[in-house]
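The primary structure of each chain is shown beneath.
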Amino acid sequence: ASDKGSGTTQRIAITSEKGRLSEADIERMVQEAERFKEEDERKRMQADAKNGLEKYAYALKSTLQDQQQRARLQHADTQALDAAVTAA
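The residue count restarts for each chain, going from 1 along the sequence in the order it is written. Where totals are concerned, whole chains, interfaces and linings use all residues; where local detail is concerned, this predicted model gives features only for residues with pLDDT of at least 70, and gives and counts side-chain atom pairs only at 80 or more. Side-chain measures here rest on the full set of heavy atoms in the structure, leaving out hydrogens and waters.

(A) Geometry of the overall build of the protein chain. What the protein chain contains, in helices and strands, is 4 helices and 0 strands. A run of H or I in DSSP becomes a helix once it reaches four residues, and a run of E becomes a strand once it reaches two; helices and strands are each numbered from the N terminus. Counting helices and strands in the order they occur from the N terminus, the protein chain gives α-α-α-α. Only protein chains enter the accessibility calculation, which uses a 1.4 Å probe; a residue is then buried when its area is under 20% of its type maximum, exposed when over 50%, and partly exposed in between. Looking at the protein chain residue by residue over its 88 residues, the buried ones come to 6%. Accessible surface, the protein chain: about 8,300 Å² in total, of which carbon and sulfur atoms supply 52%. Charged residues are defined narrowly, with Lys and Arg counted positive, Asp and Glu counted negative, and His plus the chain ends left uncounted. Lys charges are placed at NZ, Arg charges at CZ, Asp charges at CG and Glu charges at CD. Of note, the protein chain has its 15 positive side-chain charges centred 5 Å away from the centre of its 16 negative side-chain charges. Areas reported as accessible are Shrake-Rupley estimates using a 1.4 Å probe. Residue values count occlusion only from the protein chains shown.

(B) Broad picture of the environment of D3. Secondary-structure assignment places D3 in the segment before α1 (23-35). For D3, a relative accessible area of 42% gives the class partly exposed. Once the C-alpha coordinates of D3 and L73 are considered, the two residues, 70 residues apart in sequence, prove to be 84 Å apart.

(C) Region of the structure containing a nonpolar patch on the surface. Together, L21, I26, M29 and V30 make up an exposed nonpolar region whose accessible area comes to about 340 Å². Locating M29 in the fold gives a position in helix α1. When its relative accessible area of 41% is taken as the criterion, M29 is described as partly exposed. Here, patches come from residues exposed beyond 30% relative accessible area and free of salt bridges, joined within 9 Å for like charges and within 5 Å for nonpolar side chains (Val, Leu, Ile, Met, Phe, Trp, Tyr). By definition, a salt bridge exists where a carboxyl oxygen of Asp or Glu is found within 4 Å of a side-chain nitrogen of Lys or Arg.

(D) Local environment of the pattern of salt bridges. One pass over the structure, following the stated rule, counts 5 salt bridges. For the salt bridge of R28 with E32, the shortest nitrogen-to-oxygen distance reads 3.3 Å. Note that R28 and E32 are positioned in helix α1 at a spacing of 4 residues, about one turn of the helix. Among the ionic pairs, E41 bridges to R44, the shortest N-O distance being 2.4 Å. One end of the pair is E41 and the other is R44, both in helix α2 (residues 37-65) and 3 residues apart, which spans about a single turn. Relative accessible area serves as the criterion here: at 41%, R44 is assigned to the partly exposed category. Through salt bridges that share partners, E41, R44 and D48 make up one connected network.

Below, the structure is given as structure tokens:
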């Protein structure tokens, strides 16, 4: 670092390890990540399946609200689909 006013120059070395993770902490975190990898993947797959079902239910609901599409179905079918979409 140098002081522009006086022109003096000194070297500064920052060696603070405070707040940093140790090698043991990093290794422990990596092992935990590997241990929970399978559970995380299962939860991701469940979330993807739920999102897919919600997307399908929304598309079906939109189709049922279209009067032209609704006219193509029998009355009993539309009632059953309405009930299923409402339940989902």
